[in-house]
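One letter stands for each residue in the lines below.
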Amino acid sequence: MAGKARNSVIVQARRKTEELAAKRRERETTLQALATDYHAAQMTAERLVLDAEREAAELIAKAKRDAEATGEAAKVTVRKMLDTGETRQGIAELLDVSVSFVRGIDIATAKTKKTDAAGDGGQGADVSEERGGVRVDA
């Protein structure tokens, strides 16, 4: 009878071990699915950041191009103001900028005008001397 009791204990122990192993496999399957969800979320988050950084870089590059074009338009406006005969000082005060800023635009656009005038057979005129302002070439 002792052998029968021993077999019964072994059978019960085996059942208990199988139950625990089944619970462990179920828990591991659940943990594996959750780990997969975690890694998928992390990878998605990283991709979102990389996409946002790329879009931001594109927006910044576009803004810089647009700002450069707008800055050039502002310089053209200053050139038109100079062409009215207003002095550099007067334009600087009106725009709340430095005289050297206006002078820089004047000199740069005057060089462009000279280049354009030379291209049309010298028929163009450099009006920077006729404005009544003081011309200072740097």
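> Even after reading the chapter, I still don't get the nonpolar core, so can you show me in this structure?
Generally speaking, a soluble globular protein has its nonpolar side chains buried in company with each other. Grouped together as the largest cluster of nonpolar side chains are 7 residues: Val78, Met81, Leu82, Ile91, Ala92, Val102 and Ile105. Where this core is concerned, the elements lending two or more residues are helix H1 (2–83), helix H2 (88–95) and helix H3 (99–119). Looking at this core element by element, the count peaks at 3 residues for H1.

> Looking at this structure, how should I read a nonpolar patch on the surface?
On the surface, a cluster of nonpolar side chains totalling about 350 Å² of accessible area is made up of Leu94, Leu95, Val97 and Phe101. Here Leu94 lies in helix H2.

> Where do I start with the pattern of salt bridges in this structure?
Between side chains of opposite charge, a pair can form as their charged atoms come close. Counting across every chain of the model gives 7 salt bridges. Between Asp66 and Lys62 there is a salt bridge, with the nearest N and O atoms lying 2.7 Å from each other. With Asp66 and Lys62 both in helix H1, this residue pair falls 4 residues apart, about one helical turn. The partly exposed category is assigned to Lys62, whose relative accessible area is 42%. Each of the salt bridges in this network shares a partner with another, and the network as a whole consists of Arg79, Asp83, Arg88 and Asp106.

> Where do I start with the side chain of Arg88 in this structure?
Relative to the helices and strands, Arg88 resides in helix H2. Reaching out from Arg88, the side chain makes a polar contact with the side chain of Asp106 at a distance of 2.7 Å.

> Would you take a moment to explain the confidence of the model for the protein for this structure?
Detailed reading of the predicted coordinates is not advisable wherever pLDDT falls low. Counting all residues, the mean pLDDT for the protein is 86, and 79% of those residues have values of 70 or more. Note that residues 121–138 has pLDDT below 50 and, in this model, 27 contacts with residues that lie over four places away or in other chains.

> Which parts of the structure should I look at to understand the side chain of Arg79?
Its location among the elements puts Arg79 in helix H1. Of the residues examined, Arg79 reaches a relative accessible area of 7% and is grouped as buried. Within polar-contact distance, the side chain of Arg79 engages the side chain of Thr109 at 2.6 Å.

> Can you walk me through H2 in this structure?
Structural remark: α-helix, 3.6 residues per turn; residues separated by three or four positions point the same way. The set of residues buried in H2 consists of Arg88, Gly90, Ile91 and Ala92. Remark: Asp96 follows H2 within two positions and exhibits a positive phi of approximately 60 degrees.

Calculation rules
- Residues numbered from 1 in each chain as written.
- Predicted model: local features only at pLDDT ≥ 70, side-chain atom pairs only at ≥ 80, totals over all residues.
- Heavy atoms only, no water.
- Core = buried A, V, L, I, M, F, W, Y, C linked by side-chain atoms within 4.5 Å.
- Buried < 20%, exposed > 50% of the residue type's maximum accessible area, 1.4 Å probe, protein only.
- Helix = DSSP H or I, 4+ residues; strand = E, 2+ residues; numbered from the N terminus.
- Patch = residues over 30% accessible without salt bridge, like charges linked within 9 Å, V, L, I, M, F, W, Y side chains within 5 Å.
- Areas by Shrake-Rupley, 256 points an atom, 1.4 Å probe, with all protein chains shown as cover.
- Salt bridge = Lys/Arg side-chain N within 4 Å of Asp/Glu carboxyl O.
- Polar contact = N/O pair within 3.5 Å; in protein donor to acceptor, adjacent residues only side chain to side chain.
- pLDDT = per-residue confidence, 0-100.
- Contact = heavy atoms within 4.5 Å.

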